[in-house]
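A look at the structure
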Amino acid sequence: MARKVIIDVDPGIDDAMALCMALSNPELDVLAVTAVGGNVAPAQATRNVQAIIEQLDPSRWPRLGAASEPDNRLAVDRRSLYGADGLGGAGFVVAERQHLLPSEKVICDQVRDAPHSVTLIALGPLTNIARAFLRDPELPSLVGRIVIMGGTVAGPGNITPAAEFNMYCDPIAAQTVFRSLSTKTLIPLDVTNRIELSYDLFNRLPSESTRVGRLMRKLLPAAFRGYRQQFGLEGIHVHDSVTLAAVVHPELFTMKSMAGDVETQGELTAGATVFDRRRVPAWRHNMEVAVDVQRDAVVEAILHDLCAVE
Ligand code: RIB
Ligand code: CA
């Protein structure tokens, strides 16, 4: 039985790559892909989700959710990494579609239709998840599991010295989700930063005769340019693909039960994820956190899952 998942994304080229993996994987039943602002503004994120799904044209289209402005967004500009449109200037023409429902409503409806059996995969700021929880207070206990890309345990942030991007964009939403009674898994930068894909990736992509192959060849060069220009790297991090790999191949990750929360007020620390790692912790454990990864095996799993095109 394929695993029911909802994928919340702020595309972003690494989000697009994770969607390619998910929509090609027969083990996953992608019920919905919901857009959230982050790498790009909400309206652009919605257009990018539509463009990616149109380009991939999966045999069974997921429901799509539209992003909307968060209530408490911190100003951040990520255009330099993935370009102004978030997809490296791919310039996809998106068919004007009928009115899309808001992402948080799609999440509520899909979880209500399949209580205790949906995995929510959060690859962007947690705005939609928090809103879904506020819209339907029973939802945290009805979601099977939430798997979140974001935060740091011991390492530095990537958008400020203290904070990882997804948490930083909407720290109040992140705190709402961290403090909810849902079953949570966190895949932090400490783990995702250890995976770097090199240019060899281009030799391993599916052929250009496939939709995934064409889309990835169109998007990835801009990601490599962004990483070289911004970080001086000759490779790219694929935080969202690593997180998807943790859903499909959990055996490649070492998890630890931890107590975590999110700073929402700090002048220097807003968006920082804080874990009680004292010898005698006082905070209640509220999530499992990836603390180690079989790096080479995850790279192979990502490349394999990218090539598992229909
Ligand atoms: O910090 C990395 C995360 O922020 C990734 O999900 C990337 O797509 C951005 O959303
Ligand atoms: Ca993302």
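This text follows the structure it describes.
This part takes up the environment of Glu164. Looking at the element boundaries, Glu164 is found in the loop between β5 (145–149) and α7 (165–169). According to the relative accessible area criterion, Glu164 is buried, its value standing at 3%. Through-space distance from the C-alpha of Glu164 to that of Arg194 is 15 Å; in sequence the pair is 30 residues apart. Once residues lying within four places of it in the same chain are set aside, the contact partners of Glu164 are Met149, Gly150, Gly151, Thr152, Gly157, Asn158, Ile159, Leu189 and Gly271. A polar atom in the side chain of Glu164 sits 3.0 Å from the backbone nitrogen of Gly151.

Attention now goes to the state of the cysteines. Summed over all chains, the structure comprises zero disulfides. Free cysteine Cys20: the closest other cysteine sulfur is in Cys307, separated by 11 Å.

Next up on the list: the coordination of the calcium ion (ligand 2). Asp10 (OD), Asp15 (OD), Asp15 (OD), Leu123 (O) and Asp240 (OD) make up the full set of protein donors to the calcium ion (ligand 2), lying at 2.2 to 2.7 Å. Counting gaps between the donor residues of the calcium ion (ligand 2) yields the pattern D-x4-D-x107-L-x116-D. Of this pair, Leu123 sits in the loop between β4 (118–122) and α5 (127–135) while Asp240 sits in helix α12 (residues 239–248); the two residues are 117 residues apart in sequence, bridging distant segments of the chain. Side by side, Leu123 and Asp240 carry an identical accessibility label, which is buried.

The relative placement of two packed helices is expressed as an angle between their axes plus a distance between the axes. For the pair helix α1 (residues 13–23) and helix α13 (residues 295–306), the least separation of the axes is 8 Å and the interaxial angle reads 65 degrees. With respect to each other, α1 and α13 are oriented roughly perpendicular. Facing α1, whose interface residues are Met17, Cys20 and Met21, α13 presents Ile302, Asp305 and Leu306. When its residues are assigned to classes, the contact of α1 with α13 shows five nonpolar, no polar and one charged.

A word on the side chain of Gln175. Topologically, Gln175 is positioned in helix α8 (residues 171–178). Residue classification places Gln175 among the buried residues on the basis of a relative accessible area of 17%. At 3.1 Å, the side chain of Gln175 and the backbone oxygen of Val262 are in polar contact. In this view, Gln175 contacts Asp261, Val262 and Thr264; residues no more than four positions away in its chain are not counted.

Before going further, it helps to examine the site of ligand 1. Around ligand 1 sit 13 residues, and of these Asp14, Asn158, Glu164, Asn166 and Asp240 come closest. In this structure, an oxygen atom belonging to ligand 1 sits 2.8 Å away from a side-chain N or O atom of Asp10. Those elements giving two or more residues to the shell around ligand 1 turn out to be α1, α7 and α12. Looking at the shell around ligand 1 residue by residue, the class counts come to three nonpolar, four polar and six charged.

Taken as a whole and judged by the stated rule, the model has 14 salt bridges. Here Asp261 and Arg179 are joined by a salt bridge, their closest N and O atoms 2.7 Å apart. With Asp261 in strand β10 (residues 260–262) and Arg179 in the loop between α8 and β6 (184–187), this residue pair connects regions lying 82 residues apart in the sequence. Residue Asp261 is classed as buried on the basis of its relative accessible area, which comes to 15%. Its relative accessible area of 52% is what places Arg179 among the exposed residues. Residue Arg228 is joined to Glu234 by a salt bridge in which the shortest nitrogen-to-oxygen separation is 3.5 Å. Residue class for Arg228 comes out partly exposed when judged on its relative accessible area of 36%. Linked by salt bridges that have partners in common, Lys4, Asp29 and Arg60 make up one network.

Cut-offs used in this document
- Residues numbered from 1 in each chain as written.
- Chains lettered and ligands numbered in written order.
- Predicted model: local features only at pLDDT ≥ 70, side-chain atom pairs only at ≥ 80, totals over all residues.
- Heavy atoms only, no water.
- Helix = DSSP H or I, 4+ residues; strand = E, 2+ residues; numbered from the N terminus.
- Buried < 20%, exposed > 50% of the residue type's maximum accessible area, 1.4 Å probe, protein only.
- Contact = heavy atoms within 4.5 Å.
- Polar contact = N/O pair within 3.5 Å; in protein donor to acceptor, adjacent residues only side chain to side chain.
- Disulfide = S-S within 2.5 Å.
- Donors = N, O, S within 2.8 Å, 3.2 Å for Na, K, Ca; no water.
- Axes fitted to C-alpha atoms, helices over the stretch in contact; angles between N-to-C directions.
- Parallel < 35°, antiparallel > 145°, perpendicular 65-115°, else oblique.
- Nonpolar A, V, L, I, M, F, W, Y, C, P; charged D, E, K, R; others polar.
- Near = heavy atom within 4 Å.
- Salt bridge = Lys/Arg side-chain N within 4 Å of Asp/Glu carboxyl O.

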